[in-house]
There are 2 protein chains.
Amino acid sequence: MKDKNIFIVYAHPEPRSLNGSLKNFSVEVLEKLGHHVVVSDLYAMQWKAEVDADDFLLDGRNKPFKVVSSSKEAYATGKLTDDVKAELKKLLWADAVIFQFPLWWFSMPAILKGWIDRVFAYGFAYGVGEHSDKKWGDRYGEGTLKGRRALLSVTAGGWSEHYSERGINGPIDDILFPITHGTLFYPGLDVVKSFVTYKTDKIDGDRFVDITAQLRVKLENLFLEEPIPFRIQNAGDYNIPVLTLKNEINIQGRGFHIHQR
Amino acid sequence: MKDKNIFIVYAHPEPRSLNGSLKNFSVEVLEKLGHHVVVSDLYAMQWKAEVDADDFLLDGRNKPFKVVSSSKEAYATGKLTDDVKAELKKLLWADAVIFQFPLWWFSMPAILKGWIDRVFAYGFAYGVGEHSDKKWGDRYGEGTLKGRRALLSVTAGGWSEHYSERGINGPIDDILFPITHGTLFYPGLDVVKSFVTYKTDKIDGDRFVDITAQLRVKLENLFLEEPIPFRIQNAGDYNIPVLTLKNEINIQGRGFHIHQR
């Protein structure tokens, strides 16, 4: 497996951080594997995080500013800003997208959330396909980015136990579900299990060697690993348009895991 | 119940939006109830969303920039920036904090995430109390903001069914758990059940009347309602320091709900 296009979206303010090192390591490994790698270093790019009317070059037609309809019109008519257009191009170029970031308050750093908020336009990442009583869009397993892969590589200060099945923070895969399922699977990406580095305040040389050895295996298997088996919206498991899991899907309990096959 | 101090953190780029209207409505209702209200309108304030070395006035001592230790030193020595200090003062003034925002990609808008990332400093919101093998800080029900309340008022484009127990997006209270539990209960706030407005693309005058009638009741009961019964970290339910729920806590299944009493 070589000659794939990999897009890394990286969000940390300090190049000499663990996140910076893991990003550099991934670039090196992926290029050695024969892939093509492009990085968006959001801090270095001084990425604008806040969605506002300036994002849509609609000549005053977006006043009062409506986020969704402005996004729809601007995407359809090529009136998004150049910074956003460049990211859209990278996404469409990529066979896989890797997000490298520290977990801050159990989610992405604001600058990365702002990348999602601004790049994931209406007509591109949402509002794709027929929306009616019979069909609720091409989403959750279908959509613009179908056929591509995504991986979260996340660092966390806490211990893996704190993020385990009965850990106080909640299971890490559940904490990341609004991202893996709600943000990446939504426009069609196949998301592989997240790569999480814990106890980041105590990383010495030995641990860094261990972590990068694991990350190397993860990257080598990026296109071979089975993705998280999230249920595809339009494959028969959900009632439309209420989009509740059908009663005959006999899965017990509550929680995000019921949305996996 | 009157004469309470209420701090509203509001994040929407358009004053004439549903979120702007709900914020204005809340201010009006709360003031009529005899409370004192302060609003941080993050877009109007041009709130800086990105954490970087400029947030900590440490004279180059934060190079290479380490987020956690810079935050710790800057908070302890009064070297946070004035915009952050002003928000800390409002939090300490408040008896309750209300967050009014649209749900974008199943989380906060970037500008609000950046408010959390920058204001929730080490020594204030995390890194509070003894951290050892015997105790893992004053957090999850204890900490600087103990005795105060928090409420999320969130708007969502989807239907309530999509966010129900078996809805495709996941249950709304689980989607908001990284915020209610991981961000607000963490530094000690008592969080009441979130107020969620659905189907926001179709709000006519009649529905707005219904929604505000419900919000009025919610606000009238802000200090009376039982908070979400999240388990307090240091009250005996968790093994320390691994912070897993004790085996004798006989709660079945997996998911965030096991962290409620």
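Note that this is a predicted model, so its numbers are computed, not measured.

(A) Broad picture of the overall build of chain A. The helix and strand tally for chain A stands at 7 helices and 6 strands. Going from N to C terminus, chain A has its helices and strands arranged as β-α-β-α-α-β-α-β-α-α-β-β-α. Over its C-alpha trace chain A gives a radius of gyration of 19 Å, about what one expects of a compact globule, namely 18 Å for 261 residues. Here the C-alpha coordinates of chain A stretch approximately 55 × 50 × 35 Å along the principal axes. Counting across all 261 residues of chain A, residues that qualify as buried make up 58%.

(B) Quick peek at helix α3 (residues 82-93) of chain A. Taking 1.5 Å of rise per residue, 12 residues should cover 16 Å, and α3(A) covers 16 Å from first to last C-alpha, within 8% of that figure. Packing partners of the buried residues in α3(A) comprise β1 (5-10), β2 (36-41), α2 (67-76), β3 (96-102) and α4 (110-119) of chain A.

(C) Local environment of the relation of the copies chain B and chain A. For the match of chain B to chain A, the screw axis carries a shift of 0.0 Å, the RMSD comes to 0.0 Å, and the turn is 180°. With respect to symmetry, the two chain copies, as superposed, fit the operation of a two-fold axis. Both copies share a contact surface, since 100% of the interface residues of chain B are interface residues in chain A too.

(D) Summary view of the packing of helix α1 (residues 18-32) of chain A against helix α7 (residues 205-220) of chain A. Residue and element names in this part refer to chain A. Put simply, α1 and α7 touch, their axes get as near as 10 Å, and they point 45° apart. As summarised for this structure, α1 and α7 are arranged oblique, according to the angle between their axes. The interaxial crossing formed by α1 with α7 has right-handed handedness. Here L18, S21, L22, F25, S26, V29 and L30 of α1 lie close against α7, whose contacting residues are F208, I211, T212, L215, R216 and L219. A class-by-class count of the residues in the contact of α1 with α7 yields 9 nonpolar, 3 polar and 1 charged.

(E) Region of the structure containing the confidence of the model for chain A. Per-residue confidence for chain A gives a mean pLDDT of 96, with 100% of residues at or over 70. Note on the complex model: pTM 0.98, ipTM 0.97.

(F) Examining helix α6 (residues 177-185) of chain A more closely. With respect to burial, α6(A) is a largely interior element, 9 of its 9 residues being buried. Taken together, the buried positions of α6(A) are occupied by F177(A), P178(A), I179(A), T180(A), H181(A), G182(A), T183(A), L184(A) and F185(A). Where α6(A) is buried, its residues touch β3, α4, β4 (149-155), α5 (172-175) and β5 (190-191) of chain A together with α5 (172-175) of chain B.

(G) Expanded view of the pattern of salt bridges. Residues and elements named next belong to chain A. A full pass over the atoms with the stated rule returns 24 salt bridges over all chains. For D55, the salt bridge identified is with R118, shortest N-O distance 3.0 Å. Residue D55 is located in the loop between β2 and α2, and its partner R118 is located in helix α4; the two are separated by 63 residues in the primary sequence. Residue classification places D55 among the buried positions, given a relative accessible area of 4%. Note that R118 and D83 form a salt bridge whose closest N and O atoms lie 3.1 Å from each other. Note that R118 is positioned in helix α4 and D83 in helix α3, a separation of 35 residues in sequence. The buried category is assigned to R118, whose relative accessible area is 5%.

(H) Fine view of the pairing of strand β3 (residues 96-102) of chain B. Residues and elements named next belong to chain B. Of all 7 residues in β3, 7 are buried; the element is thus mostly enclosed. Side chains A96, I98, Q100 and P102 of β3 all project onto a buried face; the interleaved residues V97, F99 and F101 project onto the opposite face, where all are buried too. Here strand β1 (residues 5-10) pairs with β3 via 5 bridges, running parallel. Directly across from F7, in β3, lies its bridge partner V97. Direction of pairing for β3 relative to strand β4 (residues 149-155): parallel, over a ladder of 7 bridges. Bridged to P102 within β4 is T155. Crossover connection from β3 via helix α4 (residues 110-119) to parallel β4: handedness right-handed.

(I) Molecular detail of the pairing of β1(A). Residues and elements named next belong to chain A. Taken across its 6 residues, β1 has 6 buried, putting it largely inside the fold. Covered by surrounding structure in β1 are N5, F7 and V9 together with I6, I8 and Y10, the residues of both alternating faces. Judged from the 6 bridges that link them, β1 and β2 form a sheet pairing that is parallel. Bridging from a neighbouring strand, Y10 pairs with D41 of β2. The β-α-β motif built from β1, the intervening α1 and the parallel element β2 has right-handed crossover chirality.

(J) Spotlight on the interface of chain B and chain A. Tallying the contact residues gives 67 residues for chain B and 67 residues for chain A. Taken over both partners, the interface formed by chain B and chain A buries close to 5800 Å², and the fraction arising from carbon and sulfur atoms is 62%. Among the residues of chain B in contact with chain A, W105(B), R166(B) and I168(B) are the three that bury the most area, contributing 18% of the side total. Taken together, chain B and chain A are joined by 0 salt bridges. Of all elements in the fold, only α4, α5 and α6 (177-185) of chain B reach the threshold of two or more residues within the side of chain B that touches chain A. Here the side of chain B that touches chain A is built from residues that sort into 37 nonpolar, 17 polar and 13 charged.

(K) Structural context of the side chain of H162(B). Residue position: H162(B) is located in the loop between β4 and α5. The residues contacting H162(B), other than those within four sequence positions of it, are W136(A), R139(A), P241(A), V242(A), L243(A), G167(B), I168(B), N169(B) and G170(B).

(L) Quick peek at the packing of aromatic side chains. Evaluated as defined, the whole model comprises 35 aromatic pairs over all chains. Ring geometry for W105(A) and F120(B): centres 5.4 Å apart, planes at 85°, overall edge-to-face. Of the two residues, W105(A) sits in the loop between β3 and α4 while F120(B) sits in the loop between α4 and β4, which places them in two different chains. Assigned by exposure class, W105(A) and F120(B) land together as buried. Between the aromatic rings of Y140(B) and Y186(B), the centroid separation amounts to 5.0 Å while the plane-to-plane angle is 65°, which identifies the pairing as edge-to-face.

(M) Inspection of the side chain of N169(A) at higher detail. For N169(A), the location among the structural elements is in the loop between β4 and α5. Contact partners of N169(A), with chain neighbours within four places excluded, come to F106(A), H162(A), Y163(A), I175(A), R139(B), Y140(B), F177(B) and F256(B).

Cut-offs used in this document
Residues numbered from 1 in each chain as written. Chains lettered and ligands numbered in written order. Predicted model: local features only at pLDDT ≥ 70, side-chain atom pairs only at ≥ 80, totals over all residues. Heavy atoms only, no water. Helix = DSSP H or I, 4+ residues; strand = E, 2+ residues; numbered from the N terminus. Rg over C-alpha atoms; globule rule 2.2 N^0.38 Å. Buried < 20%, exposed > 50% of the residue type's maximum accessible area, 1.4 Å probe, protein only. Expected span 1.5 Å × (residues − 1). Contact = heavy atoms within 4.5 Å. Least-squares fit on C-alpha atoms with pLDDT ≥ 70 in both. Axes fitted to C-alpha atoms, helices over the stretch in contact; angles between N-to-C directions. Parallel < 35°, antiparallel > 145°, perpendicular 65-115°, else oblique. Left-handed = near helix turned anticlockwise from the far one by under 90°. Nonpolar A, V, L, I, M, F, W, Y, C, P; charged D, E, K, R; others polar. pLDDT = per-residue confidence, 0-100. Salt bridge = Lys/Arg side-chain N within 4 Å of Asp/Glu carboxyl O. Pairing = 2+ DSSP bridges. Right-handed = clockwise from strand over helix to strand, strands pointing away. Buried area = accessible area lost by both parts, 1.4 Å probe. Phe/Tyr/Trp six-rings, centres within 6.5 Å; stacked < 30°, edge-to-face > 60°.

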